[in-house]
Amino acid sequence: MVTPLRPFRLLVPVVAIAAALALFMGVGFIAFTIGGGGGGPTSSAGVCDTGVGISDGAGRSGSTFADLSDEQRGNAQTIIAVARDMGAPPRAWLVALATAMQESTLRNINYGDRDSLGLFQQRPSQGWGTPAQVTDPVYSTRIFIDRLLKVPGWETLPVTVAAQTVQRSAFPNAYAKWEGLAAALVGQLADVSVLPARCTTRTAALPPGAAGTAIGFALKEVGKPYVWGATGPNTYDCSGLMLRAFQAAGIELPRVSRDQYRAGGHVPVREAQPGDLLFYATDPSDPSTIHHVVLYMGDDKMVEAPYTGASVRVQPVPWNYRELVPFATRPGTTRNDA
């Protein structure tokens, strides 16, 4: 005879196993989250993807330079001005901007986790100052910079490590994604080029004669019409001209300008040398918006295939043009290692 409770008894082991599995997976997920999802910050090593990945695609306020509101830009200018007045180098400005972007999206807010307040979400209960002080952008920037400069070797630390050492955030890897935007803010608002920590200006030189050969090829094409998608020999678009110019120099480039940006080591545009590529982007802090590439000739001049209705031409470099990406690419050289 089968008792009415027998089916339920049979389910007990199944339920117990399922509960244990759920508990195991839950603990594992928490450990994974606290540990940063896979073993530490990924931005502190690898190649120099300058500015790549600034926009997170989730529609966050201020995810690119172009998205920033007047309030956010004003707070960014305050951070730069205070840090500069303190004598802190541009690298410190970048760390402070990336931190404030993560903590408050560069808004001076009067709320936060527990008693966190202001641009940097500083906690009065943890010795940062009074609520009135930490919601004063000048004071909050000054105390952040003061503590940052006391971190041993902060100048060579990845931004996420430098910021975390000061902030002690529950999300220590989160600062890294704002590094490119912070560099763009320094460039746009202070006219200063500053490389992310994993980049280096020790970019390899082009092979002897390569720059001259590429420039010489491009100059021979001056006067030929711009046609979108064209790669010569009678018409060119911007990246098509670069493709053929560097092929003549024995260097193979990708076809389109956005990919050409990643086809070599990066240097600040103000350190560009003849043969380097300069780029325009709708948002110069976000290389995914690159839409034009030119070849730097030296002496503040460039050669380009500009747009439909125009021809290949030589022009002065518009160093202050708002769409100029703050980093140049040296084609065919090794992408900057950490």
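About the thresholds
- Residues numbered from 1 in each chain as written.
- Predicted model: local features only at pLDDT ≥ 70, side-chain atom pairs only at ≥ 80, totals over all residues.
- Heavy atoms only, no water.
- Core = buried A, V, L, I, M, F, W, Y, C linked by side-chain atoms within 4.5 Å.
- Buried < 20%, exposed > 50% of the residue type's maximum accessible area, 1.4 Å probe, protein only.
- Contact = heavy atoms within 4.5 Å.
- Phe/Tyr/Trp six-rings, centres within 6.5 Å; stacked < 30°, edge-to-face > 60°.
- Helix = DSSP H or I, 4+ residues; strand = E, 2+ residues; numbered from the N terminus.
- Lys NZ or Arg CZ within 6 Å of the ring centre and 35° of its normal.
- Axes fitted to C-alpha atoms, helices over the stretch in contact; angles between N-to-C directions.
- Parallel < 35°, antiparallel > 145°, perpendicular 65-115°, else oblique.
- Left-handed = near helix turned anticlockwise from the far one by under 90°.
- Polar contact = N/O pair within 3.5 Å; in protein donor to acceptor, adjacent residues only side chain to side chain.
- Nonpolar A, V, L, I, M, F, W, Y, C, P; charged D, E, K, R; others polar.
- Patch = residues over 30% accessible without salt bridge, like charges linked within 9 Å, V, L, I, M, F, W, Y side chains within 5 Å.
- Areas by Shrake-Rupley, 256 points an atom, 1.4 Å probe, with all protein chains shown as cover.
- Salt bridge = Lys/Arg side-chain N within 4 Å of Asp/Glu carboxyl O.
- Pairing = 2+ DSSP bridges.
- pLDDT = per-residue confidence, 0-100.

**Student:** Honestly, the nonpolar core in this entry has me stumped. Any pointers?
**Tutor:** Nonpolar side chains in soluble globular proteins tend to end up buried together. Counting residues in hydrophobic clusters, the biggest one holds 72 residues, and the most contacted among them are Leu 97 and Leu 295. If we skip the residues at most four places from it in the chain, Leu 295 touches Ala 214, Ile 215, Ala 218, Met 242, Phe 246, Gly 275, Asp 276, Leu 277, Lys 301, Met 302 and Val 303. Formed by 12 residues, the second largest nonpolar core is a distinct cluster that contains Leu 278, Tyr 280, Tyr 296 and Val 317.

**Student:** What's the story with the packing of aromatic side chains in this structure? I'm lost.
**Tutor:** In this description, a pair of aromatic rings is defined by centroid distance and the angle of the planes. On inspection of all chains with the given rule, the structure shows four aromatic pairs. Aromatic side chains Phe 120 and Phe 144 sit 4.8 Å apart centroid to centroid with 15 degrees between the ring planes, which places their arrangement in the stacked category. One end of the pair, Phe 120, is in the loop between α3 (90–104) and α4 (131–134); the other, Phe 144, is in helix α5 (residues 137–149), with 24 residues separating them in the sequence. Phe 144 carries the same exposure label as Phe 120, and that label is buried. Between the aromatic rings of Tyr 261 and Phe 279, the centroid separation amounts to 5.3 Å while the plane-to-plane angle is 85 degrees, which identifies the pairing as edge-to-face. Note that Tyr 261 is positioned in the loop between α10 (257–260) and β1 (264–268) and Phe 279 in strand β2 (residues 277–281), a separation of 18 residues in sequence. Exposure remark for Phe 279: the relative accessible area of 0% places this residue in the buried category. Above the face of the Trp 128 ring, Arg 147 is positioned so that its terminal group lies 3.9 Å from the ring centre.

**Student:** It is not clear to me how the packing of α5 against helix α6 (residues 159–167) should be interpreted in this structure. Could you clarify?
**Tutor:** At a minimum axis distance of 9 Å, the contact between α5 and α6 shows a crossing angle of 110 degrees. Classified by the interaxial angle, the pair formed by α5 and α6 is roughly perpendicular. Crossing hand, α5 versus α6: right-handed. On α6, the residues touching Phe 144, Arg 147 and Leu 148 of α5 are Ala 162, Val 166 and Gln 167.

**Student:** Would you mind going over the side chain of Thr 105 with me for this structure?
**Tutor:** Here Thr 105 shows up in the loop between α3 and α4. For Thr 105, a relative accessible area of 12% gives the class buried. Within the local environment of Thr 105, its side chain forms a polar contact with the side chain of Arg 107, the two groups lying 2.8 Å apart.

**Student:** Which parts of the structure should I look at to understand the packing of helix α2 (residues 70–85) against α3?
**Tutor:** What describes two packed helices is the angle between their axes and the distance between those same axes. Running from amino to carboxyl end, α2 crosses α3 at an angle of 145 degrees, the nearest separation of the two axes being 10 Å. The interaxial crossing formed by α2 with α3 has right-handed handedness. Along its contact with α2, which presents Gln 72, Ala 76, Ile 79, Ile 80, Ala 83 and Arg 84, the element α3 presents Trp 93, Ala 96, Leu 97, Ala 100 and Met 101. Across the contact of α2 with α3, the residue classes break down as nine nonpolar, one polar and one charged.

**Student:** Just checking my understanding: could you explain a nonpolar patch on the surface for this structure?
**Tutor:** Residues Leu 219, Val 222 and Val 314 make up a contiguous nonpolar surface patch of roughly 200 Å² in combined accessible area. Counting through the fold element by element, Val 314 comes out in strand β5 (residues 313–316). Under the relative-accessibility criterion, Val 314 is labelled partly exposed at 34%.

**Student:** Explain the pairing of strand β6 (residues 327–331) to me, please; I cannot follow it from the model alone.
**Tutor:** When a strand is regular, its side chains alternate between the sheet's two faces. Taken across its five residues, β6 has five buried, putting it largely inside the fold. Taking every second residue as pointing to the same face, both faces of β6 are buried, with Phe 327, Thr 329 and Pro 331 on one and Ala 328 and Arg 330 on the other. Of the pairings in the sheet, the one linking β1 to β6 comprises five bridges and is antiparallel in character. By the bridge assignment, Gly 264 is partnered in β6 with Pro 331.

**Student:** Can you help me understand the confidence of the model for the protein chain in this one?
**Tutor:** Any residue range with low pLDDT should be treated as having predicted coordinates unsuitable for detailed reading. Per-residue confidence for the protein chain gives a mean pLDDT of 80; residues scoring 70 or more make up 76%. Taken as a whole, residues 1–8 scores under 50 in pLDDT and shows one contact with residues more than four places along the chain or in a different chain. For the stretch residues 14–62, pLDDT sits under 50, and the model shows 64 contacts to residues farther than four places along the chain or on other chains.

**Student:** In this structure, what is going on with the pairing of strand β3 (residues 290–298)? I would like to understand it.
**Tutor:** Across the nine residues that make up β3, a large majority, seven, are buried. Summarising the sheet, β2 and β3 pair through five bridges and their orientation is antiparallel. Across the sheet, the residue bridging to Leu 277 is Leu 295, located in β3. For β3 and strand β4 (residues 301–304), the ladder comprises three bridges, and the chain directions are antiparallel. Looking at β4, one finds that Tyr 296 is bridged to Met 302. The hairpin formed by β3 and β4 contains two residues between the paired strands, and Asp 299 there has a positive phi angle of roughly 55 degrees.

**Student:** Hey, could you run me through the pattern of salt bridges in this one?
**Tutor:** Opposite charge on two side chains allows them to pair when their charged atoms are near. By the definition in use, this model includes 11 salt bridges. Here Asp 276 makes a salt bridge to Arg 330, at a shortest N to O gap of 2.9 Å. You can see Asp 276 sitting in the loop between β1 and β2 and its partner Arg 330 sitting in strand β6, a full 54 residues away along the chain. Each member of the pair Asp 276 and Arg 330 is classed as buried.

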